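Now for the letters of each chain:
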Amino acid sequence: MTGCIAGTGGSGAGAPNLFAHGGGILDPAYARQVQSAMGGPDAPLLIVPYSGEPEATAAAQFSATSALAFRNVLVLGISDPQTALERIASASGIWFAGGSQRRQVTTLAGVPGLVETLRAANAAGTVVAGSSAGAAVMSQLMISGGSGGDVFTRQGLGFWPEVVIDQHVAERDRAYRLRRVIGDRPSLVGVGLDEATWVARRDSAFDVFGRGVARVVTAGPDDVQELGLRAGDSFDIGARARV
C-alpha cells in the first residue's frame, strides 16, 4: 500500500454518499457533511431504529439528529411494508442507529424487499450514514461480535460490499478482529474506525475525518497488512493504495 497522501477528496472520486462513523460523540462536522451530501439540513432524513427497542431508539436518534440541526427527520416504520418502501424512496438520507448491528440487520431482513430497496436507494444516490453499529451494518460481510480472540460474522446490509467495517477499535481493543476476518477473506478490505473518526465513501475511494485512526487492513499471499490513516488521508479501495 504505497503512494502519496492527498487532502480531502484527493482521490478524485465523485460526491460521497456513505458516511461511516466509529462511535462515541458525534462531531457537528460529521452532521454537516451528511447534510451537505443530502442537499441541506431541510432534506428528509429517515431514521432506522431497529438496533434496539424501536420506540426508545427512534426517540433517542430523533433527539440526537435534531440537535445536529437536521430539520426534517422521519422514522422508518415497518409494520406496513409498502409504506416503508415509499418512505425510503422519498428520503434524501438514511440514518442507521447504533446499538446491536445484528438486531438491526435481522429485523430489516425479515421484511420482504426492504434490504434490497435500501441498497437500490443508496446505489441511486440516497445518502446512508451511521455511527457505531450503524456503521457496521454497511458491510456485506458484517462483524456481529467477538471478544477474547473470537470474531463472529454474518451478512450485513451490503451498501459497501468490498469492505468490512469495525468500530470503537482502539477504545475496545478490537484491532485483532479485522486482521482475523481479512486474513481469511483476502478479497475484502477492512476499515477499522476509532471513536470520533469517520470515513466518507466516494465511488471506490474514501476520505478520513475526525480525531482518531482509520485502520485499513488488507491481506496478500503471505501476510496481513495494516495501514493507519488520519484526517486528511484518502484511500482507493480499487487500487488498494493510499492516494
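This report concerns the structure included in the present document.

What counts and what doesn't
- Residues numbered from 1 in each chain as written.
- Predicted model: local features only at pLDDT ≥ 70, side-chain atom pairs only at ≥ 80, totals over all residues.
- Heavy atoms only, no water.
- Pairing = 2+ DSSP bridges.
- Helix = DSSP H or I, 4+ residues; strand = E, 2+ residues; numbered from the N terminus.
- Buried < 20%, exposed > 50% of the residue type's maximum accessible area, 1.4 Å probe, protein only.
- Contact = heavy atoms within 4.5 Å.
- Axes fitted to C-alpha atoms, helices over the stretch in contact; angles between N-to-C directions.

1. Considering the sheet that holds strand S14 (residues 234-236)
Part 1: Pairing is mixed in the open sheet, where nine strands are placed in the order S3-S2-S4-S5-S1-S10-S11-S14-S15. Either end of the sheet is taken by a strand with one partner, and the two such strands are strand S3 (73-75) and strand S15 (241-242).
Part 2: Here strand S1 (residues 18-21) pairs with strand S10 (residues 197-202) via four bridges, running antiparallel. Note on S10: the bridge partner recorded for His21 is Trp198.

2. Brief notes about the environment of Gln140
Part 1: In this fold, Gln140 is placed in the loop between helix H6 (133-136) and strand S6 (141-145).
Part 2: Its relative accessible area of 27% is what places Gln140 among the partly exposed residues.
Part 3: Excluding anything up to four places from it in sequence, Gln140 contacts Arg119, Arg154, Gln155, Gly156, Gly158, Trp160, Pro161 and Val163.

3. Things to note about the sheet that holds strand S8 (residues 163-167)
Part 1: Judged by pairing direction, the sheet is mixed, and its four strands sit side by side in the order S8-S9-S12-S13 without closing on themselves. Edge positions in the open sheet fall to S8 and strand S13 (224-229), since each of these has one partner strand only. The mean inter-strand angle of the sheet, taken between neighbouring strand axes irrespective of direction, is 20°.
Part 2: By the bridge criterion, six bridges tie strand S12 (residues 214-219) to S13 in an arrangement that is antiparallel. Within S13, the residue paired with Thr218 across the bridge is Gln225.

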